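# Fold and contact review
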Amino acid sequence: MEKIYFNIQIDCESTQRTIHDPALGERAIRGLGEVFAQTGVRGTFVVIPPDLKVHAALYRELEAEGHEVGLHIHPAEQGYEEFLGVYGFDEQVKILQEGIDVFAEGMGRRPEVFTPGYFSANDHTYPALEALGFRHGTVSISTRDLPQCACVWGSSPLEVHYPHRHNRSLAGDVDFVDVPPTVDVASRMWGGAHPQDLRIELVDAKNHWYTIHKNVKRQVAAGEAIPVKHLKGLTHNIFDYSHPHDFRRETLFGVIAAARQICEQQGCELVPATTGEIAAEYRRRAPLPRGGMKLGLDTRGRAAWTAQKTV
Ligand SMILES: [Zn+2]
């Protein structure tokens, strides 16, 4: 049976200066842990360094329960500009290394999974992540076009992929597995700049149903062309997921139930997984290419036109 890997990522930033509520952050993480335990779902918690300093013990508990913990960076929280994608290679390495050091102190090891705030990145970002030993993460978001956040992705892959060394919107040979969030590129928000994604707090469960349905159908129809099929939802630890009637908590339950039901209807099996488990499966199925991917323009129309003229 075709497998659809399912992951929820939580960007943990309750200590951000604009939020500054680590108690809410803790309730959110504990509540999410409960929802995941009840539904068998695996979470990927990516955490900004100041949150790690206050909640490291809790993250070690979540890791022991089978969830994944990694690094999230908002450079402004470390005294830099807000967006990672405005920096060159050396500066990105420095900003990331500061986060790695805090992470290693709290978790007793280096992080393997990474997500930048706002999905802000440029062509230096993937090589910087590779150089620092990150193995996987969620960096790209296809069709999000927010130059004011240094977040411009064009038609980057919807699927799990190795990124290109010199062009962030292409697949290539960087030894880092990018697991993009699930989006509906045709449903535009924020004046057309942002595709509706599977961000729990964005819309309600009945709206998310269509995004899930569309993405499951598309991937099943693609068959072997998509070696590892996935659904990836997102949220933040700034909502009270511990409250039984919290709207986001209800939406999360609704999204998980819808994903299971749609997979079943389409003859697939929903497999809960961390981002790391999805990346590991991709590495098993798709060896890292040497020298990147071949590009080419589709010139079949010109060939047909030339053939027609010479008849
Ligand atoms: Zn963030």
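As a reminder, the structure under discussion sits directly above these lines.
Overview of the structure.

### A look at the overall build of the chain
In terms of helices and strands, the chain carries eight helices and 12 strands. Radius of gyration (C-alpha) of the chain: 20 Å, near the 19 Å computed for a compact globule of 311 residues. In terms of overall dimensions, the chain has a C-alpha envelope of 75 × 50 × 40 Å along the principal axes. Pairs at least 24 residues apart make up 73% of the contacts formed inside the chain by residues separated by at least 6 positions.

### Side note on the pairing of strand 9 (residues 183–189)
In terms of strand pairing, strand 9 meets strand 10 (residues 194–197) through four bridges, oriented antiparallel. Bridging from a neighbouring strand, V183 pairs with D197 of strand 10. Hairpin connection between strand 9 and strand 10: a loop of four residues separates the two successive antiparallel strands, and W190 in this loop has a positive phi of roughly 50 degrees.

### Brief notes about the environment of K232
Residue position: K232 is located in strand 11 (residues 229–236). Overall, K232 belongs to the buried group, with 23 C-beta atoms counted inside 10 Å. A sequence separation of 37 residues divides K232 from P195, and the C-alpha atoms of the two residues are 14 Å apart. Each residue touching K232, except ones within four places of it in the same chain, is listed here: N7, Q9, T138, V179, P181, T182 and L198.

### Some points on unusual backbone geometry
Not every positive phi belongs to a glycine, and T143 is a case in point at roughly 75 degrees. Here T143 shows up in the loop between strand 5 (136–137) and strand 6 (145–146). You will see that W190, though not glycine, has its phi angle at about 50 degrees, which is positive. Checked against the element boundaries, W190 lands in the loop between strand 9 and strand 10.

What counts, and at which threshold
- Residues numbered from 1 in each chain as written.
- Predicted model: local features only at pLDDT ≥ 70, side-chain atom pairs only at ≥ 80, totals over all residues.
- Helix = DSSP H or I, 4+ residues; strand = E, 2+ residues; numbered from the N terminus.
- Rg over C-alpha atoms; globule rule 2.2 N^0.38 Å.
- Contact = placed C-beta atoms within 7 Å.
- Pairing = 2+ DSSP bridges.
- Buried ≥ 20, exposed ≤ 12 C-beta atoms within 10 Å, placed from the backbone.

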